[in-house]
Amino acid sequence: MIKKNIPNLFTILNLIFGCLGVLSISSLNFKATLILTIFCVFFDFLDGFFARLLKVKSEFGKELDSLADIVSFGLVPGFLMYKLYVMTGQEDFFLFFDFKISYIALFGFLITVSAMIRLAKFNLSNSQVFSFKGFPSPANAVFIVSIPIFFDSDFFNNSYQYLNIPTLTIITLLSALIMNVNLKFIKISYDSSNKKNFFYSIVFLILSTILIILFMEAAVTLIICAYILISFADQITSKLK
């Protein structure tokens, strides 16, 4: 019984850290949100890893994992985008039982809706073994929650001034689109049995290390961009063969 529920324990940790991520966004502690989201990705990896290792994969665990992911990789980035919209100072609020809600900031929750659709598609697919169809929701969540850290870095003179409504809207639309677009994204794996994935994973590791050394905390956003570019490069080279 204990063995069967070890993966579910990590799924629950994923959910709890996702809930903490929501609280950190409410406090505008974006660094904490990024760290908590990275932990969510780690726990999401561990639940699948132990389910395969212990051979206890189940439909219950699969559904539980998706429900936790909707919070950690759907609600968290959507709510963060909502907060970034509000921080632009746009006065477009309406009252709902004395609770202020921003019209335009609600657009940020398009990320949440798109992540939910992405997760549902993933559950119905049996072909995403060596690659993902559409941008993975955990990677997308890390990208979104890293944005305020990136724009608050030395690159932009430690200022959020570049996070205006047009920029946020473009990021939101691209995020929603890329998660559900019919493109393949590589799976980072260091299993040498799949030579192509192993090669791209090594390239990704080297690039990530260089970016961290050069840009420190601002590197997370650039690392996700590097992952996207590597996946696009794989698509192009595959078509040229």
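Whatever comes next refers back to the structure up there.
Computed from a prediction, not measured in an experiment: that's the story for all the values here.

A.B. asks: Could you give an account of the overall build of the protein, naming the residues involved and the relevant values?
C.D. replies: Secondary structure assignment for the protein yields 8 helices and 4 strands. In the protein, the succession of α and β elements from N to C terminus is α-α-α-β-β-α-β-α-α-β-α-α. Relative to the compact-globule value of 18 Å for 241 residues, the protein shows a C-alpha radius of gyration of 18 Å, a close match. Referenced to the eigenvectors of the C-alpha coordinate spread, the extents of the protein come out at roughly 55 × 45 × 30 Å. Relative to its 241 residues, the protein shows a buried fraction of 46%. A sequence separation of at least 24 residues applies to 72% of the contacts in the protein between residues at least 6 apart.

A.B. asks: An account of the packing of helix 1 (residues 2-26) against helix 3 (residues 59-87) is requested, with residue identities and associated values reported.
C.D. replies: As a packed pair, helix 1 and helix 3 sit with axes 9 Å apart at the nearest point and diverge in direction by 15°. Regarding the angle of helix 1 to helix 3, the classification is roughly parallel. Remark: the crossing between helix 1 and helix 3 carries left-handed chirality. Broken down by class, the residue content of the contact of helix 1 with helix 3 amounts to 13 nonpolar, 8 polar and 3 charged.

A.B. asks: Tell me about the packing of helix 5 (residues 137-151) against helix 6 (residues 165-180), and please be specific about residues and values.
C.D. replies: It is the contact of helix 5 with helix 6, at a shortest axis distance of 10 Å, that shows an interaxial angle of 170°. Taken together, the axes of helix 5 and helix 6 lie roughly antiparallel to each other. Taken together, the residues of helix 6 that come into contact with helix 5 (itself represented by Ser-137, Asn-140, Phe-143, Ile-144 and Ile-147) are Ile-171, Ser-175 and Met-179. Here the residues of the contact of helix 5 with helix 6 sort into 5 nonpolar, 3 polar and no charged.

A.B. asks: How would you explain the packing of aromatic side chains if you had to name every residue and give the values?
C.D. replies: On inspection of all chains with the given rule, the structure shows 18 aromatic pairs. The interplanar angle of 25° and the centroid separation of 5.8 Å between the aromatic rings of Phe-45 and Phe-49 together place this pair among those described as stacked. With Phe-45 and Phe-49 both in helix 2 (residues 30-53) and 4 residues apart, the pair spans about one turn of that helix. Through successive ring pairs, a cluster of aromatic residues spans Phe-10, Phe-17, Phe-39, Phe-42, Phe-43, Phe-45, Phe-49 and Phe-50.

About the thresholds
Residues numbered from 1 in each chain as written. Predicted model: local features only at pLDDT ≥ 70, side-chain atom pairs only at ≥ 80, totals over all residues. Heavy atoms only, no water. Helix = DSSP H or I, 4+ residues; strand = E, 2+ residues; numbered from the N terminus. Rg over C-alpha atoms; globule rule 2.2 N^0.38 Å. Buried < 20%, exposed > 50% of the residue type's maximum accessible area, 1.4 Å probe, protein only. Contact = heavy atoms within 4.5 Å. Axes fitted to C-alpha atoms, helices over the stretch in contact; angles between N-to-C directions. Parallel < 35°, antiparallel > 145°, perpendicular 65-115°, else oblique. Left-handed = near helix turned anticlockwise from the far one by under 90°. Nonpolar A, V, L, I, M, F, W, Y, C, P; charged D, E, K, R; others polar. Phe/Tyr/Trp six-rings, centres within 6.5 Å; stacked < 30°, edge-to-face > 60°.

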